[in-house]
Amino acid sequence: RKIDQKLEREVAENASVIVHTNEGIAKLWANRYGVEIANKIVVIPLNVNFSEMERKILRTDNKNVVCISHIGTFYPQRDASSFIKAIRVFVQKYPYLRSRLKVNFVGRTIESDRQKIMEYELTDLFNLTGSIPIAECSKYYEETDVFLSTAGEDFEKITYPSKIMKYFYYERPILGITPKDTVLEMELRKSGHHYYEPSDVEGISNYIFDAINNYSSICNFDRDYWKRFSVDNVVGHYLDVIDKYIKKL
């Protein structure tokens, strides 16, 4: 680890330009190495080849059944416990709306979350697919009305949630559950989506109520935000950085 730290500092000090993929890691390096190195940092986002993906245009009229999907893997440091608790609160407060809610967990679900779903008698609402091939995920993206995105503990303050780029592309509302100051919170704030701290179970429950009763009220987000992750846009950023550096030589 000491060797890694030494080599990282050498890279930071000798680089002409330092590219990071999100503001979280850029701030970490700025704090770690100081102003001189911070001035060399540029943030250029990750990219996705969206041309390989098809999507249906989002309709904002109310749905008979609202489908909320999480596509990806849960693990102990980033579980679904807050969301599951919010579902329980929702069905307790509005039992007449139970039949209008469906939840997909596409990917691995941890055992403690499975136990909560059974304990709270919510198994009729949840479709737990387990791990499936990437090619089979497309239908879940298409049928989803609200995407669920979660962030875990401190290490995710600098980790980019990769699935969210596809969420942005499909132009569905995103329900974020995240501690403060994570990259996820930053991206959802900038794109106009809703997010809640894990402890705000009541707030998450109220969001689900709004999704079912007034779907258009949760659709006021930036529909074009996905474009910043397109290949053309990201390549353009890189070319601009190279051009500016060459002009300084």
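Residues numbered from 1 in each chain as written. Predicted model: local features only at pLDDT ≥ 70, side-chain atom pairs only at ≥ 80, totals over all residues. Heavy atoms only, no water.

Caption draft 1: Expanded view of the pairing of strand β6 (residues 146–150). Most of β6 is tucked away: five of the five residues are buried. Every second residue of β6 is oriented toward a common face, with Val146, Leu148 and Thr150 on one face and Phe147 and Ser149 on the other, all of them buried. As defined by bridge partners, strand β3 (residues 66–71) adjoins β6 across two bridges and the pair is classed as parallel. Across the sheet, Ile68 pairs through a bridge with Val146, a residue of β6. (Buried < 20%, exposed > 50% of the residue type's maximum accessible area, 1.4 Å probe, protein only. Helix = DSSP H or I, 4+ residues; strand = E, 2+ residues; numbered from the N terminus. Pairing = 2+ DSSP bridges.)

Caption draft 2: Region of the structure containing the sheet that holds strand β5 (residues 126–130). Pairing in this open sheet of six strands is parallel, and the strands run β5-β4-β3-β6-β7-β8 from one edge to the other. What marks the edges here is a single partner per strand, and that holds for β5 and β8 (194–196). Taken pair by pair, the neighbouring strands of this sheet meet at an average axis angle of 20 degrees, ignoring direction. With four bridges joining them, strand β4 (residues 101–106) and β5 adopt parallel strand pairing. (Axes fitted to C-alpha atoms, helices over the stretch in contact; angles between N-to-C directions.)

Caption draft 3: Seen up close, the packing of aromatic side chains. Taken as a whole, this structure holds 21 aromatic pairs when the rule is applied. For the ring pair Tyr141 and Tyr167, a centre distance of 6.5 Å and an interplane angle of 65 degrees mean the geometry is edge-to-face. In this pair, Tyr141 is assigned in helix α6 (residues 138–143) and Tyr167 in helix α7 (residues 163–170), connecting sequence segments 26 residues apart. Put simply, the rings of Phe50, Tyr141, Phe147, Tyr167, Tyr169, Tyr170 and Trp226 touch in pairs and so form one group of aromatic residues. When the ring centre of Tyr169 is taken as reference, the NZ or CZ atom of Arg55 above it lies at 4.2 Å. A cation over a ring is seen here: Arg88 above Tyr120, with NZ or CZ 3.9 Å from the ring centre. (Phe/Tyr/Trp six-rings, centres within 6.5 Å; stacked < 30°, edge-to-face > 60°. Lys NZ or Arg CZ within 6 Å of the ring centre and 35° of its normal.)

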